[in-house]
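Observations on the model geometry
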Amino acid sequence: MILTIGLRELKSIFLSPLAWAILSVVQLILAYLFLGRVEIYQLYQSQFLAMDGVPGVTEFVVPDLLGNAAILFLLVVPLLTMRLVAEERRNRTLTLLFSAPVSMTEIVLGKYFGILLFLLLLLLLTALMPLSLVAGASLDFGLLGSGFLGLALLVGGFAAVGLFMSTLTQYSTVAAISTFGALLLFWILDWSGQGLRSGNLIAYLSLFNHYKPFLDGIFDSADAIYHVLLITTFLVLSIRRLDADRIGG
Amino acid sequence: MNTAALVEVKNLSRFYGALQAVKGVSFTIRQGEVLGFLGPNGAGKTTTMQIISGNLAPSGGSISINGHDLLEDPRAAKSQIGYLPENPPLYRELTVDEYLDYRAALSRIPLARRKQARNHAKARCGLENTGGRLIGNLSKGYQQRVGIAQAIIHLPPVVILDEPTVGLDPIQIREIRLLIRELGEEHGVILSTHILPEVQTTCDRVQIINNGELVLSESIDGLEKHMKSASLTVAFHRVPALEILEKVPGVNSVQPETNGRLRIFHEPERNPTEEILRMAVKKNWGLYEIRPARLSLEQIFLDLTTEAVPDIETTTEIPASANESRTEP
């Protein structure tokens, strides 16, 4: 049932021009950044050869690319998630799901699953860029894998927050701006801790601080759990919010 | 009335904040029955339907659908229902086939049977030639049909239709009414509407809800009896003295009406028509019109839903159709 709802969601995304626009824009910008980075590497390659302990091509290109990708997704995910529930509520199609023999959990997970599939596709396309370097260089697949795992967890969290914001309103734009605001806030939370040494609780909650280690190739289960918890929290909130729709009316 | 109840609603109530939209409503629907749900705007029709279809949680009371309690076992109960809300829940970006397949999947119809279910629903609703078209491009009438098709695709025992003929042209309205009658043969149908003739042509039973309370629950046959009031309308060229008419056996009182007609109230079991005819001929009153007065459903509806309920005498004075009353200067 989750799969049914998810696949329909995915289909609807592709039926609107938004999906294609987002795919192409993200691809274009990331490709530009990627090529720029590769070019710089090429420029300094000869000097790197003479030095000791310099970054390899993966280490030079991938963290930078994924760092920028994360910012880009921060902008793009709210646009994708905004319509999930808000639009259905506005078009009164939510009734179809509510009166069908499916539970709220299935509805929420289905929608989340649908958007996640799309985002994974976006990630896959992004991953093809550094993978193309395989043709001319040897890659550090560990670093690459950890980086993309981090990014996947990160956008998973973005999507969960977006889904929740979408359940709050019937205006897609309101959902988008709230999602963007919430995510940006989560992202920059660590700025508050900059003056202090590490250990600041608020800074600890920052999304960025739990994404950065992945880019450095460090898989810390605490960071992974942070993302999973974030996703779970917002999915549960979404389910509760939709239930409240039925009860509150 | 020999089959078991498909839907059993007991003491249903619903609050919106402090406002109580539905107050202790109870009713049942049996198989092969079309129940007309009438009421003025804001009476609680749609709320009741949303509750039965599981879109709103009731504040109190119980609903059992084909033996499944809606609150305790919502999944089983919901699989027994097909619901068409006021605004059909259509995904405009899908084609009719895609949409119906999705709906079938949501109802857990196995993949192998989905095509058959879809074709069946399309045939029932006259959608055979629209399968590949986008729902957003269909006319309002066809969208409404898709809405109905979506409600019956899983062959639910109970079909709930909330104002299904709103915004349709007369031909489509007729077709939809026919379809509803057809559905009523196998399913239990709840039809909400505020078009009164629709109820008379399609329903087996009528319920009128006002201010959240059921004020009438009657079969159409029973309603017919309600509608025959014990009075006659007569018109003479040479009007006799009212006292003479009042002395006719069975007549209780006579009242002149505005347009020269007389209203004769009689005892329900003793119809004085024959006697009056005889006298009119004998005494040369020039009788040119005599007919039993009938209450229209509209009047019953107005009586039950208007706040200040007028007494029987004054209500029966209202001409049978609203148009007639417009003839007076």
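Calculation notes
- Residues numbered from 1 in each chain as written.
- Chains lettered and ligands numbered in written order.
- Predicted model: local features only at pLDDT ≥ 70, side-chain atom pairs only at ≥ 80, totals over all residues.
- Helix = DSSP H or I, 4+ residues; strand = E, 2+ residues; numbered from the N terminus.
- Buried ≥ 20, exposed ≤ 12 C-beta atoms within 10 Å, placed from the backbone.
- Contact = placed C-beta atoms within 7 Å.
- Rg over C-alpha atoms; globule rule 2.2 N^0.38 Å.
- Expected span 1.5 Å × (residues − 1).
- Arc of directions from axis to C-beta.
- Pairing = 2+ DSSP bridges.
- Axes fitted to C-alpha atoms, helices over the stretch in contact; angles between N-to-C directions.
- Parallel < 35°, antiparallel > 145°, perpendicular 65-115°, else oblique.
- Left-handed = near helix turned anticlockwise from the far one by under 90°.
- Nonpolar A, V, L, I, M, F, W, Y, C, P; charged D, E, K, R; others polar.
- pLDDT = per-residue confidence, 0-100.

1. Details of the overall build of chain B
- Broken down by element type, chain B carries 13 helices and 14 strands.
- Scored against the burial criterion, the 329 residues of chain B give a buried share of 39%.
- The long-range share in chain B, meaning contacts at least 24 apart out of those at least 6 apart in sequence, stands at 68%.

2. Concerning the overall build of chain A
- A count of helical and extended segments in chain A gives eleven helices and zero strands.
- Ordering the α and β elements of chain A from the N terminus gives α-α-α-α-α-α-α-α-α-α-α.
- In summary, chain A has a C-alpha radius of gyration of 20 Å against a globular reference of 18 Å for 249 residues, a match within 12%.
- Along the three orthogonal principal directions, the C-alpha set of chain A runs to about 70 × 45 × 25 Å.

3. Topic: helix H6 (residues 170–186) of chain B
Residues and elements named next belong to chain B.
- For H6, spanning 17 residues, the distance from its first C-alpha to its last is 25 Å, which sits close to the expected 24 Å at 1.5 Å a residue.
- Within H6 the residues assigned to the buried category are Ile 173, Ile 176, Leu 179, Ile 180, Leu 183 and Gly 184. The buried residues of H6 occupy an angular sector of 145° when projected down its axis, which confines them to one face. In H6, the exposed positions that point more than 90 degrees away from the buried face belong to Pro 170, Ile 171, Leu 178, Glu 182 and Glu 185.
- On the buried face of H6, the contacting elements are strand S3 (33–38), helix H4 (111–124), helix H5 (140–152), strand S7 (158–162), strand S8 (188–193) and helix H7 (196–202).

4. Describing the pairing of strand S4 (residues 60–65) of chain B
All names here are of chain B.
- Taken together, the five bridges between strand S1 (residues 5–16) and S4 define a ladder with antiparallel strand orientation. By the bridge assignment, Val 9 is partnered in S4 with Ile 63.
- Pairing analysis gives two bridges linking S4 to strand S5 (residues 68–69), with the strands arranged antiparallel. Following the sheet pairing, Ile 65 is matched in S5 by His 68.

5. Quick notes on the sheet that holds strand S2 (residues 19–30) of chain B
All names here are of chain B.
- Spatially, the four strands line up as an open sheet ordered S2-S1-S4-S5, and their pairing is antiparallel. The two strands at the open ends of the sheet, each matched to only one other strand, are S2 and S5.
- Sheet contacts for helix H1 (residues 45–52): S1, S2 and S4; angle to S1, the most-contacted strand, approximately 120°.

6. Some remarks on the interface of chain A and chain B
- The partner chain B presents 23 residues to the 18 residues of chain A that form the contact.
- Broken down by secondary-structure element, the contributors of at least two residues to the side of chain A that touches chain B are helix H1 (2–15), helix H5 (94–99) and helix H11 (221–248) of chain A.

7. Focus on the packing of helix H3 (residues 57–81) of chain A against helix H6 (residues 104–131) of chain A
Residue and element names in this part refer to chain A.
- Viewed as axis vectors pointing N to C, H3 and H6 meet at an angle of 155°, and their least axial separation amounts to 12 Å. The angle between H3 and H6 places the two elements in the roughly antiparallel class. Judged by the sense of rotation from one axis to the other, the crossing of H3 with H6 is right-handed. Side by side, H3 and H6 meet where Val 61, Val 62, Leu 65, Ala 69, Leu 80 and Thr 81 of the first sit next to Ile 115, Phe 118, Thr 126 and Pro 130 of the second.
- Here the contact of H3 with H6 is composed, by residue class, of eight nonpolar, two polar and no charged.

8. Notes on the confidence of the model for chain B
Residues and elements named next belong to chain B.
- Chain-level pLDDT for chain B is 82 on average; 90% of the residues reach the 70-or-more range.
- Confidence over residues 308–329 falls short of pLDDT 50; this stretch has 20 contacts with residues more than four positions distant or in other chains.
- Here the predicted complex scores 0.81 on pTM and 0.84 on ipTM.

9. Things to note about the packing of helix H7 (residues 141–168) of chain A against helix H8 (residues 172–188) of chain A
All names here are of chain A.
- Running from N to C, H7 and H8 cross one another at 140°; their axes reach a closest spacing of 8 Å. What the angle tells us is that H7 and H8 run oblique. At the point where H7 passes H8, the crossing takes the right-handed sense. Listed contacts from H8 to Phe 158, Val 161, Gly 162, Met 165, Ser 166 and Leu 168 of H7 are Ala 175, Ser 178, Thr 179, Ala 182 and Leu 183.
- For the contact of H7 with H8, a count of residues per class yields seven nonpolar, four polar and no charged.

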